[in-house]
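A closer look at the structure
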Amino acid sequence: MDFLKNKKVLYIGQSFFGYELEIKNMLESMGATVDYYNERPSNTFWTKVFIRINAKQLINSKIKVYYDEILKKIQNIQYDYVFIVKIETIDKKILERLISNQKNAKFFLYMWDSIKNYKGKEKLLSYFDKSFSFDSDDVKIYKELIFLPLFYIPIYEKIKTQKIIYDICFIGSGHSDRYKLISEIKKKSIELGLSFYLFFFLQSEKIFLFRKLFDKRMRDAKIDDFSFTSLSQEETLDIISQSKVVVDIEHPGQVGLTMRTLEMLGCQKKLITTNKSVREYDFYNEDNILVVERNNIKLNKSFFELPYQKLSNDIYEKYSLKNWIKTIFSEENE
């Protein structure tokens, strides 16, 4: 498909478990020429911390030098589109410089985190020709935002279910209250005689020690419960293919659906989630998705015994990465 044939795209987005490369590759498969840059100047622990706690003044010089270099590289290139995913490091001055440099380009934004987590970023929405969010609550608050859920990447369509080894599996990072909740789900599953695969990832032992000291939800955590090296995509897919049900726990207060939720739709696997908003989506089926309460987790053994209920092909297509890109770059939303 040459939906973006001969179009030039400047794509600025965060490096996140390889999804940025999946987006770049799909854009290119649809005909575009793509130049990709990380939205952050680096992915070090302290860079992420300073940006997240809105203490950018501590690394402002690093950010300025980084974007100076990008602007220098692209000064003689005219793009058709500037596509920014999850605006976090970019501020008003940087955005205005990009717009001045790319006067003929259309600027698109996609937020796969809630605006409320990034103070002041709502003021930048007016600079974009189109802005999208995965958060249905944000869309109700900010008139500039268009609602668009996340996606699943093509490889999830191709997962072949192997011999089931695990009734339940969880693979993910150890943020927020995940450790506490997953430990409770594991306990409940053992009580029901269900097998469980667990993989918790943290970026470093320093983060583990910091969390254990200052986060009461991690007081009972043991360092052996975590891995400081993430699973490869191949390893992740292999575990999922051997599992009957996959668990996902979103950040507390998050309304938008996680990538994992859409990935399980793509590979037609059952899901356990704490995100109640999943019930509002057209693919929700109580035989396929079990919603549990964060403060009162209950597992129903019959959920594991009933087969997955296949949905219409239109639903699967709707949440594919290809359709996600088509929706963003389509003229219908302009």
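See the structure above.
We now turn to the structure provided with this report. (Residues numbered from 1 in each chain as written. Predicted model: local features only at pLDDT ≥ 70, side-chain atom pairs only at ≥ 80, totals over all residues. Heavy atoms only, no water.)

As for the nonpolar core
To be explicit about the condition: Note on terminology: a nonpolar core comprises buried Ala, Val, Leu, Ile, Met, Phe, Trp, Tyr and Cys residues joined through side-chain atoms within 4.5 Å. Burial status follows relative accessibility: with a 1.4 Å probe on protein chains alone, a residue under 20% of its type maximum counts as buried, one over 50% as exposed, and anything between as partly exposed. To qualify as a helix, a DSSP run of H or I must reach at least 4 residues; to qualify as a strand, a run of E must reach at least 2; elements of each kind are numbered from the N terminus.
Phe83, Tyr110, Phe151, Phe283, Trp324 and Phe329 are the most contacted members of the largest nonpolar core, which has 56 residues in total. The element best represented in this core is helix H12 (residues 321-329), accounting for five residues. Within the second largest apolar cluster, 28 residues are counted, among which are Tyr79, Ile90, Met111 and Ile115.

Regarding a nonpolar patch on the surface
Keep this limit in mind: Patch rule: a residue counts if its relative accessible area is over 30% and it has no salt bridge; like charges are joined within 9 Å, and nonpolar side chains (Val, Leu, Ile, Met, Phe, Trp, Tyr) within 5 Å. Each accessible area is a Shrake-Rupley estimate made with a 1.4 Å probe; only the visible protein chains count as cover when residues are assessed. When a carboxyl oxygen of Asp or Glu is within 4 Å of a side-chain nitrogen of Lys or Arg, the pair counts as a salt bridge.
On the surface, Phe210, Leu213 and Phe214 cluster together into a nonpolar patch covering about 390 Å² of accessible area. Secondary-structure assignment places Leu213 in helix H7 (residues 205-214). When its relative accessible area of 60% is taken as the criterion, Leu213 is described as exposed.

A look at H7
We count it as follows: Directions pointing from the helix axis toward each C-beta atom define the arc.
For H7, the set of buried residues is Ile207, Phe208 and Arg211. Considered in projection along H7, the buried side chains sweep an arc of 100 degrees and stay on one side of the axis. Opposite the packed face of H7, turned more than 90 degrees from it, sit the exposed residues Lys206, Phe210, Leu213 and Phe214.

Side note on the sheet that holds strand S11 (residues 270-273)
The condition is simple: DSSP bridges decide pairing: two strands pair if at least two such bridges lie between them. Only heavy atoms matter for contacts: two residues are in contact if any of them lie within 4.5 Å across the pair. To obtain each axis, a line is fitted to C-alpha atoms, and for helices this fit is confined to the stretch in contact; angles are then taken between N-to-C directions over 0 to 180 degrees.
Spatially, six strands are ordered S9-S8-S7-S10-S11-S12 in an open sheet, and the strand pairing comes out parallel. Only two strands of the sheet have a single neighbouring strand rather than two, namely strand S9 (226-227) and strand S12 (289-291). Strand direction decides the pairing type here: strand S7 (residues 166-173) and strand S8 (residues 196-201), joined by six bridges, are parallel. Bridge pairing in S8 links Cys169 to Tyr197. Across the sheet, helix H6 (residues 178-191) lies against S7, S8, S9 and strand S10 (243-248), angled at about 170 degrees from S8, the strand it touches most.

So, the packing of helix H1 (residues 19-29) against H12
When two helices pack together, you describe them by how their axes are tilted relative to each other and by the distance separating the axes. Selection criterion: Each angle gets one of four labels, with under 35 degrees taken as roughly parallel, over 145 as roughly antiparallel, 65 to 115 as roughly perpendicular, and the rest as oblique. Here the term charged refers only to Asp, Glu, Lys and Arg, the term nonpolar to Ala, Val, Leu, Ile, Met, Phe, Trp, Tyr, Cys and Pro, and the term polar to all other amino acids, Gly among them.
Interhelical geometry of H1 versus H12 gives an angle of 70 degrees and a closest axis separation of 10 Å. Overall, the two elements H1 and H12 adopt an arrangement that is roughly perpendicular. In this structure, H1 contributes Glu22, Ile23, Met26 and Leu27 to the contact, and H12 contributes Leu321, Lys322, Trp324, Ile325 and Phe329. Considering only residue class, the contact of H1 with H12 consists of seven nonpolar, no polar and two charged.

Some remarks on the packing of helix H3 (residues 60-74) against helix H4 (residues 92-101)
Relative orientation of the contacting elements H3 and H4 amounts to 5 degrees, with a least axis distance of 11 Å. In terms of orientation, H3 and H4 fall into the roughly parallel class. Residues Ile63, Tyr67, Asp68, Leu71 and Ile74 of H3 touch H4, and the partners they reach there are Ile94, Arg97, Leu98 and Asn101. When grouped by side-chain class, the residues that make up the contact of H3 with H4 number six nonpolar, one polar and two charged.

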